[in-house]
Amino acid sequence: MPSVLGRLRSVVGDEHVLTDPDLCAPYETDWTGRFHGHTHSVVRPATTAEVSEVLRICAAHGIPVVPQGGNTGLVGGSVPRGGELVLSLRRLDEIGPVDADHGEVVVGAGATLAAVRDAAVPAGWDVGVDLAARDSATIGGMVATNAGGSQLIRYGAMSRQVIGLEAVRADGTVIGRIPALRKDNVGYHWSGVLAGSEGTLAVITRVHLALVPLMTDRAVALVGVDDVETALRLVGRLRRSLPSLLSVEACFAEGVDLVCDHTGMPWPLETRTPVLLTIECGTSRAASSGDEAVDGLLEVLGEADEVRASAVATDEAGRARLWAYRDRHTETVSTLGVPHKLDVTIPFDALAAFHDEVVERVHAIAPDARVVQYGHLADGNIHVNILGPDPDDDAVDEAVLRLVVEVGGSISAEHGIGIAKRDSLALARSAGDIAAMRDLKHGLDPTVLLNPGVIFSTATYRT
Ligand SMILES: Cc1cc2nc3c(=O)[nH]c(=O)nc-3n(C[C@H](O)[C@H](O)[C@H](O)COP(=O)(O)OP(=O)(O)OC[C@H]3O[C@@H](n4cnc5c(N)ncnc54)[C@H](O)[C@@H]3O)c2cc1C
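Residue positions within a chain follow its written sequence, with the count starting from 1. Thresholds applied to this predicted model are a pLDDT of at least 70 for local features of residues and 80 or more for the giving and counting of side-chain atom pairs; totals over whole chains, interfaces and linings are not thresholded and use all residues. In computing side-chain properties, one takes all heavy atoms of the structure into account and sets aside hydrogens as well as water.

Asks: Hey, could you run me through empty space enclosed by the protein in this one?
Replies: The gaps of empty space that remain are located by a probe, the size of a water molecule, rolled over the atoms. Computed over the protein atoms alone on a 1 Å grid, cavities are sets of points where a 1.4 Å probe fits but cannot get out and pockets are open sets with protein on both sides within 12 Å along at least five of seven lines; a residue lines them when it has an atom within 4 Å of a point. Grid points are joined across faces, edges and corners, and a volume is the space filled by probe spheres set on the points. Summed over all chains, the structure comprises one cavity of 30 Å³ or more. In this structure, the largest cavity encloses a volume near 30 Å³. The wall of the largest cavity is formed by Lys341, Leu342, Asp343, His383, Val384, Asn385 and His415. Of all the elements in the fold, those that place two or more residues in the lining of the largest cavity are β15 (340–345) and β17 (381–387). Helical segments are the DSSP runs of H or I of at least four residues, strand segments are the runs of E of at least two, and each set is numbered from the N terminus.

Asks: So what exactly am I meant to see when it comes to the sheet that holds strand β4 (residues 85–88) here?
Replies: What holds strands together in a sheet is hydrogen bonding between their backbones, with the strands either parallel or antiparallel. Between any two strands, at least two bridges found by DSSP are needed for them to pair. Taking strand neighbours across the sheet as the criterion, the four strands line up as β1-β2-β4-β3 in an open arrangement whose pairing is mixed. A single partner strand is all that each edge strand has here, and the edge strands are β1 (17–18) and β3 (65–68). When β1 meets strand β2 (residues 42–43), the two strands line up antiparallel, connected through two bridges. For valine 17, the partnering residue across the bridge sits in β2 and is valine 43. The contact criterion used throughout is that any non-hydrogen atoms of two residues lie within 4.5 Å. As a rule, the C-alpha atoms of each element are fitted with a line to give its axis, helices using only the stretch in contact, and angles between N-to-C directions run from 0 to 180 degrees. Sitting on the sheet, helix α3 (residues 48–61) touches β2, β3 and β4, and the angle it makes with β4 is about 170 degrees.

Asks: How should the sheet that holds strand β5 (residues 104–108) be read in this particular structure?
Replies: One open sheet holds the four strands; their spatial order is β5-β9-β7-β8, and the pairing between them is antiparallel. Each having just a single partner strand, β5 and β8 (174–176) make up the two edges of the open sheet. If you compare each strand with its neighbour and ignore which way they point, the axes differ by 15 degrees on average. Relative to β8, strand β7 (residues 162–168) is paired through three bridges, and the arrangement is antiparallel. Considered in β8, the bridge of valine 168 is made with valine 174.

Asks: Got a minute to help me understand the nonpolar core in this structure?
Replies: Most often, soluble globular proteins have nonpolar side chains that are buried together. Counting 58 residues, the largest nonpolar core has Val223, Leu238, Leu277, Ile279, Leu297, Leu377 and Val384 as its most contacted members. Ignoring anything within four residues of it in the chain, the contact list for leucine 238 reads Leu245, Val248, Ile279, Leu297 and Val300. The set of buried Ala, Val, Leu, Ile, Met, Phe, Trp, Tyr and Cys residues whose side-chain atoms join them within 4.5 Å is what this entry labels a nonpolar core. Under the scheme applied here, a residue whose accessible area is under 20% of the maximum for its type counts as buried, over 50% as exposed, and between as partly exposed, the area being computed with a 1.4 Å probe on protein chains only. Counting 30 residues, the second largest nonpolar core, distinct from the first, contains Val105, Val127, Val207 and Leu211.

Written as structure tokens, this is what we have:
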């Protein structure tokens, strides 16, 4: 190992090969606190050429590698399981000039979502995916997990924002094309192959992003309704009548109580209701006249009998205040213990029943567990957070995922499989699907050096 460390230091510089346990510690535990492992070294390259050289050295010595971006992933895929080298991509944070005419920018994989937005906004553009971890989550990590976020109904997931990318295979070979072209059907589309690959196929180093027009007029409403079925009816009406719709998120009274306790914020509406929807509309001034977003939203809400209480804001501070009740759920849950986080999609017609049934299934196994649900309602995506059971006890996870499969849902809506759900992969994909995924993994990384144990348990790899 000493000679390997020497070679790695000569590539990235002494100060970017960390071996001191105190310095490595932040890279060893994930955001949830549920997943952690030990690494002998954290290596922090700054360019694609350095990533390539580091991977060549690791391949030559058979050293497994965990790629890590902002370490905000929620399924344990960004931290070592035991003995892997952590390849931190955060220093690849260069942001190229924004093409103001065509709405494009080339960014390093380590640039955070917030930094890219800060660069795009002055040019009249924005990033189509938004999520609460925006200050830390990196563009490379967001592509590697195919992040969804709160604006998916308008702009799609992260894969839709990628014009092209550059990546490095486990043997150090650089693949992809930067700058990329909007239409370029020459063989396999690496952005499609690598989106959602969770660091198992190649290390993404640069991304050519398609931006979306900046929404200059935005309106946010926090709306209280009686139940999930009513909420879903309202979502349908909003989608039909409001082309400016950006987001419809849901949270529930018990979760909002916890957020209020944690943050000191007051209950947000004049009436207490079981379900709260965060609805955002946005228009670009270039494409509309004045207050189209707010007018349209107010009109639809004014005619909606199911709305029991509402608060609306158009100014930035007011919008942020209303969003905080939904955005601060993840952080609030983590202050109460180490949660089991199940991120699932449920068919719309099964969602209302699922909301109650999932609590019953959890309580059948862990009667004292606390279940906190919230999510991206317009996508049928619910985050089920379970507090109480030991972090290493997967019984509640299995029970929830079985219910999800029974009702025709997906066991991972947007966070990925990681190590958290790899044992449930066969519940959600056929043997043929899994064999094809393993063949793809094997084709690109034949000696299984990139993120071993993520998506598939290492026991199921071909040797
Ligand atoms: C408060 C909070 C809110 C969140 N909200 C959402 C949400 O709304 N929607 C959503 O989809 N997710 C959400 N997440 C999860 C998380 O932010 C996303 O998964 C994000 O895309 C991870 O980016 P990251 O840079 O932190 O990646 P990491 O956590 O560092 O890594 C995630 C995975 O990607 C791999 N990876 C990272 N960088 C690269 C790279 N350059 N090349 C190859 N593989 C790489 C890692 O090996 C790992 O498997 C949230 C998380 C938090 C903490």
